[in-house]
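# Per-entry structural report
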Amino acid sequence: MAPTEPAASPVAAPLRFGPAERFELQPAERRLLVDGEPVALGRRALDLLVVLAAQPDHLLTKNELLDRVWPGLVVEEANLQMQISKLRKVLGGEIIATVPGRGYRFTAAVRNADAATAPAPSPASPPPTLAAAIRLIGRDEDLARVEALLLRGGGCVTLVGSSGVGKTSLARAAAARSPRRIAWVDLAALTKGGQVADAVARALELQLSGSDEGAAQLVAALQGQALLLVLDNAEHLVQTCAELATLLRPLGDTLLLVTSQVPLAVAGEQVLRLEPLALPGPESSIAGPGQDALALLVERIVAADHRFVATPAQLPLLRAICTQLDGLPLALEMVAARVPLLGLQGVHDALAERFALLTRGHRDAAPRHRTLHNALEWSYRLLGTAEQRLFRALGVFAGGFTLELAVALMTDDGGARWDVIDGLAALADRSLVVVGNEDPPRYRLLETMRAFALEQLAQSTAPVDEEGTARRRHAGALQALFAGYTPGDTTARARCVAEMVNAREAIAWASEHDLGTAAQLTTSVTSITTFTAWRHESGNWLLALESLMEQAAGLALPAPVQAAWWTERARVGSIRRDTSALAAARRAVALWSPLQQPRQSLIAKLIFVRSISRAGPELEQACADLRAQAAAIPDLPLRQRFLVQGALTRAAGIRHDMAALLAGREAEATLARQLGDQDAVDAAESDMLNALCGLARHAEAVQRGHVLLARVDADGSGRNGNLPWVISPLLVALLALNQLDEARALLPRAFAAGHRFATPAMWPQFCSLAVAEQRWPAAAQLLGYTRQCYDVRGMQFEPGEEGSMQRAEASAAAALGPEQLQAWMRHGRTLDDVAAEALAAGAMP
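Along every chain, residues carry numbers that run from 1 in the direction the sequence is written. Two thresholds apply to this predicted model, a pLDDT of at least 70 for residue-level local features and 80 or more for giving and counting side-chain atom pairs, whereas whole-chain, interface and lining totals are computed over all residues. Side-chain metrics rest on all non-hydrogen atoms present in the structure, leaving aside hydrogens and water.

## Describing the overall build of the protein
Labels follow the DSSP assignment, with helices taken as runs of H or I lasting at least four residues and strands as runs of E lasting at least two, numbered in each case from the N terminus. The helix and strand tally for the protein stands at 39 helices and 15 strands. In the protein, once contacts between residues fewer than 6 apart in sequence are set aside, the share between residues at least 24 apart is 68%. Note on definitions: a residue-residue contact is assigned when non-hydrogen atoms from the two residues lie within 4.5 Å.

Below is the structure:
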């Protein structure tokens, strides 16, 4: 049969691309010009270039390229790689990018040489959904049972089975078919039970207060919600998950779906034990019913090698491989990826020899664990030395990683970048790395794979400390990522937030092994998370270092690192309004003073001003020093002018100079608009509402407040980090105007915002509402609860808040008598969040 000709060229007009458009591709003439001179390219290389250049910045998979460049032919992928290498020698290494595990992308801008403008780029792919790419084999009955159990309600449903059996895939399929709101929480990267509540809160876009009652706060937030909460990979945190399941059980509208290697063993739990896929019998056929393991294996082999066709002659080998791997889906998928390289017989032989050897060495291991571990080890041993090293190192990533982070982990040599990319592609091809559906994709090791990689990393016999080196480079790569963030760059912030699980892992390691890196990383991380759901947890990582940083001078930690950390410690404290922020700010100013770094010293001084909560000589001297420092810096950047303005305006509020406060906030908002920083604009305008209230311009505050509230929460999601500080002054203004019904209507949004962003800042207004409604016992209890909230957080009341609290206490004392007031307030200090919110929301008598 004669070879089939390549498909017709997708373009005919000449295309120009590359630096100064030095390359011109002429498909009709079948030639490539470089600086106007033709270069020799083989037929296939030219065909490949035409296909790639016709779709710039578009991912083309390996199979797509094979089908379009070699239509109708069976060729090895090595041919494609060889032609790519030929093109890179002519074009350079950057124009054709490898997307590991996926294919190739033409990255250069392309211009039609016969047109005035370049063709429009292809539209972006829609974001993947929960149901995307879910195809279960052999799980129809299990899926129906899960759905039936969820419909029955009355507790939690737990999918139990061994590693690699497909619990997560089944849970995803069930969740995709549920009509309820879905909250998916992957627990695999967590190491402590105390992290579970925060992880669930992030999935629900809530912010916990930081008390030990995180689970109880979640229960309060979930009241009345039709929700399916999925806890994936729970076996290492069973006790914590069991406690959460017990608390959630009375909530009839909230269903819990758990995947774990062991049941939670709680009342009302419905356990579905997931078994491996059915193994083929001796008389089974490829297309026969009940051949689940065989069907999965064949489908995955075809996905790895589109040329593969299962034949009756191959059935004995296919059946034997399924049997040796116990029908475990993960193991079947891993072994299928090796068939293109080794063939069925090679795979069969290698598995048989490896299992026989390791069974004798691990007789005390569970059979399925033994088999899965053996399959992992066998896959690892098939890798080359460089690929093994890369696989081991990738184990330090928690929650996935980007290509750039993988490169930074492995090398500082720009010339070695392609070695890392090729190695990552090899690991993806061998199913040791999962490639996400995003573009650009994220990569991850399944947790079973990651555990194995970390095991190999710890056991490495390399002459250097390979594990310590990998951990140090991991932390350094994350520090470089976070340190590169520029305030107001929402795209960069999203990239950083995507790596917060990695940041937690790196900070935990650095806290024990490298205090300098831990200090730098926590400083960078907390500066980015102010307006995100990670704000509270990341702030706790920073505060956890304080005792170590107290000793930093004796540990020879560089002075700039110490000064930067104490500056951020003061900033975080001033946001939380904790009483130790001022001491931290004084320390930061003192540390920067001898370092001759005026801009960093300026930041410390403005945070020092923001940390002072009382008017007096210290505040006036701090403001004078800040003005002098700012005046001494030529061409002060707009961002720093904005920050200085904010600090001096804050000082006006401390002095109770409301006119200066309002003028300062208006100037601050103007500078924020010039910066293009919408979060800062929203923050300044919310502070303007406070100033208007201080000037008794309550009607104007209400009008502006409603406009601002509609903007910051336009989609009703409650995600904007400024939301609590918009609602709080709006409540003040409404109460001053005696618009109690409108104030009460804001309570549900206020409660939700308080949970999400872990702030009690609206509780003084809840107390005032109860006083205005003359609900005196409730008001007294809320006063006690509010003071307790501030006390346990080490928070200080703002002057306006303290005045509001004192007026409310005076009114309650007049109605109840001083002794009854104090008794009710003492009782209020014992309330939990659920009881306090119920009291605040109580109907008028």
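Having seen the structure, we can now continue with the description.
## A short note on the sheet that holds strand β5 (residues 59-61)
The criterion for strand pairing is that DSSP finds at least two bridges linking the strands in question. Read from one edge to the other, the open sheet built from three strands follows the order β5-β7-β6, with strand pairing classed as antiparallel. Each edge of the open sheet carries a strand with a single partner, namely β5 and β6 (96-99). The average angle at which neighbouring strand axes cross in this sheet is 30°, direction not considered. When β5 meets strand β7 (residues 103-106), the two strands line up antiparallel, connected through three bridges. Here an angle of 0 to 180 degrees is reported between the N-to-C directions of two axes, which are lines fitted to C-alpha atoms, with helices fitted over the stretch in contact.

## Quick word on empty space enclosed by the protein
In this approach the atoms are scanned with a rolling probe the size of a water molecule, which exposes any empty space left behind. Both cavities and pockets are sets of points on a 1 Å grid over the protein atoms alone; in a cavity a 1.4 Å probe fits but cannot get out, in a pocket the set is open with protein on both sides within 12 Å along at least five of seven lines, and lining residues sit with an atom within 4 Å of a point. Grid points are joined across faces, edges and corners, and a volume is the space filled by probe spheres set on the points. Counting across every chain of the model gives three cavities of 30 Å³ or more. Of the voids in this model, the largest cavity is the one considered here, and its volume is about 170 Å³. If you go around the largest cavity, you meet 19 residues; those closest to its centre are Gly754, His755, Thr759, Trp763 and Glu837. Looking at the lining of the largest cavity, the elements with two or more residues in it are α34 (747-756), α35 (763-772), α36 (776-793) and α39 (833-840). Looking at which element gives the most residues to the lining of the largest cavity, the answer is α34, with four residues. In this classification, Asp, Glu, Lys and Arg are treated as charged, Ala, Val, Leu, Ile, Met, Phe, Trp, Tyr, Cys and Pro as nonpolar, and every other residue, Gly included, as polar. Per-class residue counts for the lining of the largest cavity are ten nonpolar, six polar and three charged.

## Thoughts on the nonpolar core
Put simply, buried Ala, Val, Leu, Ile, Met, Phe, Trp, Tyr and Cys residues joined by side-chain atoms within 4.5 Å make one nonpolar core. Working definition: with a 1.4 Å probe on protein chains only, accessible area under 20% of the residue-type maximum means buried, over 50% means exposed, and in between means partly exposed. Core analysis: the biggest nonpolar cluster contains 57 residues, and Leu709, Ile727, Trp763, Phe766 and Leu783 have the highest contact counts within it. Sequence-distant contacts of Leu709, defined by excluding residues within four places in its chain, comprise Leu723, Val726, Ile727, Leu730, Leu746 and Arg749.

## Things to note about helix α32 (residues 723-736)
Each helix should span, by expectation, one fewer than its residue count multiplied by 1.5 Å. Here α32 contains 14 residues, and its C-alpha end-to-end distance of 20 Å stays within 8% of the 20 Å for a straight helix at 1.5 Å per residue. Burial of α32 is extensive: eleven of the 14 residues sit out of reach of the surface. The secondary structure elements touched by the buried residues of α32 are α30 (678-694), α31 (698-712), α33 (740-745), α34 and α35. Immediately downstream of α32, the backbone of Asn738 shows phi near 60°, a positive value.

## Topic: a nonpolar patch on the surface
Each patch is built from residues lacking any salt bridge and having more than 30% relative accessible area; the joining distance is 9 Å for like charges and 5 Å for nonpolar side chains (Val, Leu, Ile, Met, Phe, Trp, Tyr). Computed with a 1.4 Å probe, the accessible areas rest on the Shrake-Rupley method; for each residue, only the protein chains presented here act as cover. By salt bridge we mean one thing: a side-chain nitrogen of Lys or Arg within 4 Å of a carboxyl oxygen of Asp or Glu. On the surface, Leu341, Leu342 and Leu382 cluster together into a nonpolar patch covering about 250 Å² of accessible area. Tracing the backbone shows Leu341 in helix α12 (residues 339-361).

## Digging into the pattern of salt bridges
The full count for this structure, using the stated rule, is 44 salt bridges. As a salt-bridge pair, Arg22 and Asp35 come within 2.8 Å of each other at their nearest N and O atoms. Of this pair, Arg22 sits in the loop between β1 (15-17) and β2 (23-26) while Asp35 sits in the loop between β3 (31-34) and β4 (37-39); the two residues are 13 residues apart in sequence, bridging distant segments of the chain. Taking the relative accessible area as the measure of exposure, Arg22 reaches 31% and is therefore partly exposed. Between Arg30 and Asp47 there is a salt bridge, with the nearest N and O atoms lying 2.8 Å from each other. Remark: Asp47 occurs in helix α1 (residues 43-53) and Arg30 occurs in the loop between β2 and β3; sequence separation between them is 17 residues. Given the relative accessible area of 43%, Arg30 is considered partly exposed. The class for Asp47 is buried, based on a relative accessible area of 8%.

## Section: the packing of aromatic side chains
Pairing of aromatic rings covers Phe, Tyr and Trp, the last through its six-membered ring, and needs centres within 6.5 Å; plane angles under 30 degrees mean stacked, over 60 mean edge-to-face, and all others mean tilted. This model, assessed by the stated rule, comprises 14 aromatic pairs. Measuring from centroid to centroid gives 5.4 Å for Phe17 and Phe23, while their planes differ by 25°, and the two rings are stacked. A single burial state applies to Phe17 and to Phe23, both of which are buried. An angle of 55° between the planes, with centres 6.0 Å apart, marks the rings of Trp534 and Trp541 as tilted.

## Considerations on the sheet that holds strand β9 (residues 156-160)
One open sheet accounts for five strands, arranged β10-β11-β12-β9-β13; its pairing is parallel. The sheet is open, and its two edges are formed by β10 (181-186) and β13 (270-273), each paired on a single side. Adjacent strand axes in the sheet meet at a mean angle of 15° when their direction is disregarded. Pairing between β10 and strand β11 (residues 227-232): six bridges, direction parallel. Of the residues in β11, the one forming a bridge with Trp184 is Val230.

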